[in-house]
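Architecture at a glance
Read off the chains here:
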Amino acid sequence: MTKKVNNFKNIDDLSIAAIRATCIDGINKAKSGHPGMCISAAPIVYTLFKDYLVSNPYQSKWINRDRFVMSCGHGSMLYYTILHLCGYNVKIDDLKSFRQFNSLTPGHPEYGLTDGIDAGSGPLGQGIAQAVGMAMAETKLQAMYGKNIYNHYTYCLCGDGCLEEGISQEAISFAGLNKLNKLILLYDKNNVTLDGPLSQSSDEDVINRFLAANWNVVYCKKGNSYRKIKKAIAYAKKFKNAPTVVIFNTIIGLGSKNEGTSKVHGAPLGEEDGRNTKLSYGYDYPPFEIPSEVYENFKSTFIKRGEDAYTEYQNELNKLQRTNTSLFKEVMQLSTNDVSSYIKNIPLPESILKKNSTRNISGEILNLFAKLLPNTFGGSADVAGSVKTALKEGGDWTPKNRNGKNINWGIREFFMSSAANGILLHGGLRPYVGSFMVFADYCKAAIRMSALEKLPNIYLFSHDSIAVGEDGPTHQPIEQLAMLRSIPNLNVFRPADAREVFAAYQVAFSSLTTPSAIILSRQDLPLLDESDTELAKKGGYIVGKEAKRNLNFTLIASGSEVSLALEVKKILEDKGYSIRVVSMPSTELFDNQSKEYQFKVLGDRYEKRVFIEMSTTYGLHKYAKNVIGIDEFGLSEKADDVINNFGFTARKIAREVENLML
């Protein structure tokens, strides 16, 4: 016999109605938002949190909690409402401040801002990829430390739009291949997108799409029924062989006069329709008033379950601390993504101090760091041999070897980058990813999320210039370096030699809140006489001091062009000029230095500087009045011929600089 609560048949119906009503109220008060999906998915999210999700709202960063990712981030009001009811630090006043300035409840979920948010989301599809990364991390860490320390589920809520984005298929394919059986995707299939019915943009057979990618599929025809939803999720959790998608057939904006249409997707219902919609659920409480029975419901289910599980987990940690102190310390320290104690004393290896391509040097340094860091975990988009991302020790991460360190991402650059974000969001591992520089375009949206979510992801991009040669303009990066430098909170390094590569890795692995992009050459570069690992961490420094007191010109360069600038310096000084060369491996780090330091390095005369770089001139005039670069696409011919064609030879540049001085 179900217990009647007020005008409702049972507490579940009352709770779902309260969630829907609060979402309507918050969006109406904000005068913006997406009520349709909040209403359609409310029973799904309610059932997940009330009956299945294991987490502790009073220890919201608990490392062994279940993870929940709302890939369809426009439904954020639903997310905030459930967090509020579940006891997280999201107050009723925060719900009233939805989408307002400086509120804890912004328009889309922001990781690190709102208590209980496991992942930032907004750009559709990336949440699915991040969830895959979280599920990967759980398998890897469980293999490293055992089921008593890491053993949880990853749940992800998505909508029709998420599954239209191409990244979703990259993620689905990879997850199925790698049998991530503790990943459960909850699909709110309401068949409506912002512009109209889903049928106008997609008519695919979603069930067979997932089956073809080796997923289990559970179909819930009555996605508004608590009982049916509960049964469907329970069934999904029984599968042990592959990830599972649960497809819930729902009605967007249920109860609204415009239910089932795009009119309820992205606009408030308004006072009249909002009131009538709430009444259609039998809910007649004033705006933002939630019955005490609803709070008690979550206290006796979600909160109790989470606190009990957390207590049990602490007992396991205490046992580990008693029996294996060093392993306990490792687990606790690495769960924060802080690896500084492991890398602070790594010496610069003499073996790398030679002429070599910076991609080869990067491979050697990466393997050195991986030997000392137990939690390195990464790979490339099918170019490990070219970008030198393969770890010699550790093996491949596969369904049969969850302890492997090398990830075979396949040709999935966007997914790879986003999933690595998910690995960092999970905590406990330090991932890296690799590709060719020109394909940074494919990764860009995920790199932006790394920076926004303050995740210290490491991006290794090789083949960094027109020196790629015969592969031609499709593979010769021109504008990519400027694009990366334009992203806030991203450190971009383009090292000139082995010492600078080592500096880039030290900064990248030391970072806790800033991602890094390390840009690497295909061609060999000389070891510079005056390069300096510590000074390179300042972003820019003098590598070729002027021979005379009266400075005529400062040549600024990065990467392979630094050694070129030093050749130019010799030619001009043989003619009696006084020339300084500055290596600028990272404009971001240089910009963070004092103005005094910047002028000391560059010289105080702006018009007496030239920046030399085999990429677009865009953005470089900040440092020099004169820029020698490339503002067109490349050519397909031998690397030396391409370089000569664009004028990047010592004699041609020396002539240009001399003309500037005349």
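Look up: the structure comes first, before these words.
Report on the accompanying structure. Please read all numbers here as calculations on a predicted model, not as lab measurements.

Moving on, we get to the environment of Asn367. Checked against the element boundaries, Asn367 lands in helix H14 (residues 358–372). Placed 26 residues apart in sequence, Asn367 and Glu393 show a C-alpha to C-alpha distance of 8.1 Å. Leave out the neighbours within four places in its chain, and Asn367 touches Ala390, Leu391 and Lys392.

This brings us to the sheet that holds strand E16 (residues 541–544). Pairing is mixed in the open sheet, where five strands are placed in the order E16-E18-E17-E19-E20. Pairing within the sheet leaves two strands with one partner each, and these edge strands are E16 and strand E20 (626–628). Averaged over neighbouring strand pairs, the angle between their axes works out to 30° when direction is ignored. Here strand E17 (residues 553–557) runs beside strand E18 (residues 579–583); their pairing, made up of five bridges, is parallel. Residue pairing across strands places Phe553 opposite Ile579, the latter belonging to E18. Taken strand by strand, helix H25 (residues 650–661) contacts E17, E18, strand E19 (609–612) and E20, and its axis lies near 140° from that of E17.

The geometry of an aromatic ring pair comes down to the distance between the two centres and the angle between the two planes. The tally for this structure, following the rule as stated, stands at 30 aromatic pairs. Both rings, one in Tyr459 and one in Phe461, keep their centres 6.1 Å apart while their planes meet at 15°; by these two values the pair is stacked. Judged by relative accessible area, which is 0%, Tyr459 ranks as buried. Residue Phe461 is classed as buried on the basis of its relative accessible area of 1%. One aromatic cluster is present, formed by Phe49, Phe68, Tyr79, Tyr88 and Phe302 through successive ring pairs. Sitting over the ring of Tyr153, Lys182 keeps its end group 5.6 Å from the ring centre. When the ring centre of Tyr153 is taken as reference, the NZ or CZ atom of Lys237 above it lies at 4.5 Å.

Attention shifts here to the side chain of Ser15. Mapping Ser15 onto the fold places it in helix H1 (residues 11–30). A distance of 3.0 Å separates polar atoms of two side chains, one belonging to Ser15 and the other to Asn297. Each residue touching Ser15, except ones within four places of it in the same chain, is listed here: Tyr46, Val294 and Asn297.

Turning to the layout of surface pockets, a few remarks are in order. Taken as a whole, the largest pocket encloses approximately 540 Å³ of empty space. In terms of lining, the largest pocket is formed by 29 residues, of which the most central are Tyr111, Gly112, Leu425, Glu453 and Leu455. Every element with two or more residues in the lining of the largest pocket is listed here: helix H16 (413–426) and helix H17 (440–452). If you tally residues by element for the lining of the largest pocket, the top one is H16, at three residues. In terms of residue class, the lining of the largest pocket is made up of 12 nonpolar, 11 polar and six charged.

Under the criterion given, the structure shown has 22 salt bridges. One salt bridge in this structure joins Glu573 and Lys569, with 2.7 Å as the shortest N-O distance. Placement of both Glu573 and Lys569 in helix H21 (residues 560–574) is noted, with a separation of four residues, approximately one turn of the helix. Lys622 is the salt-bridge partner of Asp591, the closest N and O atoms lying 2.8 Å from each other.

Moving on, we get to empty space enclosed by the protein. Counting across every chain of the model gives one cavity of 30 Å³ or more. The volume enclosed by the largest cavity comes to roughly 60 Å³. Forming the boundary of the largest cavity are Phe49, Leu53, Ser55, Ser60, Arg65, Asp66, Phe68, Tyr79, Leu83, Tyr88, Gly116 and Asp118.

Taken together, the buried positions of helix H10 (residues 271–280) are Asp273, Gly274, Thr277 and Lys278. Along the axis of H10, the buried positions cluster into a sector of 135°, meaning they face one direction only. With respect to the buried face of H10, the exposed residues turned more than 90 degrees away are Glu271 and Glu272. Looking at the buried residues of H10, the elements they touch are H1 and helix H2 (35–52).

Bringing the pairing of strand E3 (residues 183–189) into the picture now. With seven of seven residues buried, E3 lies mostly within the body of the structure. Side chains Leu183, Leu185, Tyr187 and Lys189 project from E3 onto one buried face, and the interleaved Ile184, Leu186 and Asp188 project onto a second face that is buried too. Direction of pairing for strand E2 (residues 154–159) relative to E3: parallel, over a ladder of six bridges. Counterpart to Cys158 in the pairing with E3 is Tyr187. Summarising the sheet, E3 and strand E7 (residues 244–249) pair through six bridges and their orientation is parallel. Opposite Lys189, over in E7, you have Asn249 as the bridge partner.

Backbone hydrogen bonds are what pair the strands of a sheet, in a parallel or an antiparallel way. Spatial ordering of the open sheet is given by E10-E9-E11-E12-E14-E13, a layout of six strands whose pairing is parallel. The open sheet has two edge strands with one neighbour each: strand E10 (406–408) and strand E13 (491–493). Taking each pair of neighbouring strands and ignoring which way they run, the sheet shows an average axis angle of 20°. Sheet topology note: the strand E9 (residues 376–380)/strand E11 (residues 430–436) ladder contains five bridges and is parallel. Bridged to Ser380 within E11 is Gly434. Its contacts with the sheet put H16 on E9, E10, E11 and strand E12 (458–462), and the angle it makes with E11 is roughly 165°. Helix-sheet contacts for helix H19 (residues 498–510) involve E9, E11, E12, E13 and strand E14 (516–519), and the interaxial angle to E14 is about 165°.

Scoring rules and cut-offs
- Residues numbered from 1 in each chain as written.
- Predicted model: local features only at pLDDT ≥ 70, side-chain atom pairs only at ≥ 80, totals over all residues.
- Heavy atoms only, no water.
- Helix = DSSP H or I, 4+ residues; strand = E, 2+ residues; numbered from the N terminus.
- Contact = heavy atoms within 4.5 Å.
- Pairing = 2+ DSSP bridges.
- Axes fitted to C-alpha atoms, helices over the stretch in contact; angles between N-to-C directions.
- Phe/Tyr/Trp six-rings, centres within 6.5 Å; stacked < 30°, edge-to-face > 60°.
- Buried < 20%, exposed > 50% of the residue type's maximum accessible area, 1.4 Å probe, protein only.
- Lys NZ or Arg CZ within 6 Å of the ring centre and 35° of its normal.
- Polar contact = N/O pair within 3.5 Å; in protein donor to acceptor, adjacent residues only side chain to side chain.
- 1 Å grid on protein atoms, 1.4 Å probe; cavity = no way out; pocket = protein on both sides within 12 Å on 5 of 7 lines; lining within 4 Å.
- Points joined across faces, edges and corners; volume = space filled by probe spheres on them.
- Nonpolar A, V, L, I, M, F, W, Y, C, P; charged D, E, K, R; others polar.
- Salt bridge = Lys/Arg side-chain N within 4 Å of Asp/Glu carboxyl O.
- Arc of directions from axis to C-beta.

Taken by themselves, the reported measurements are silent on function.
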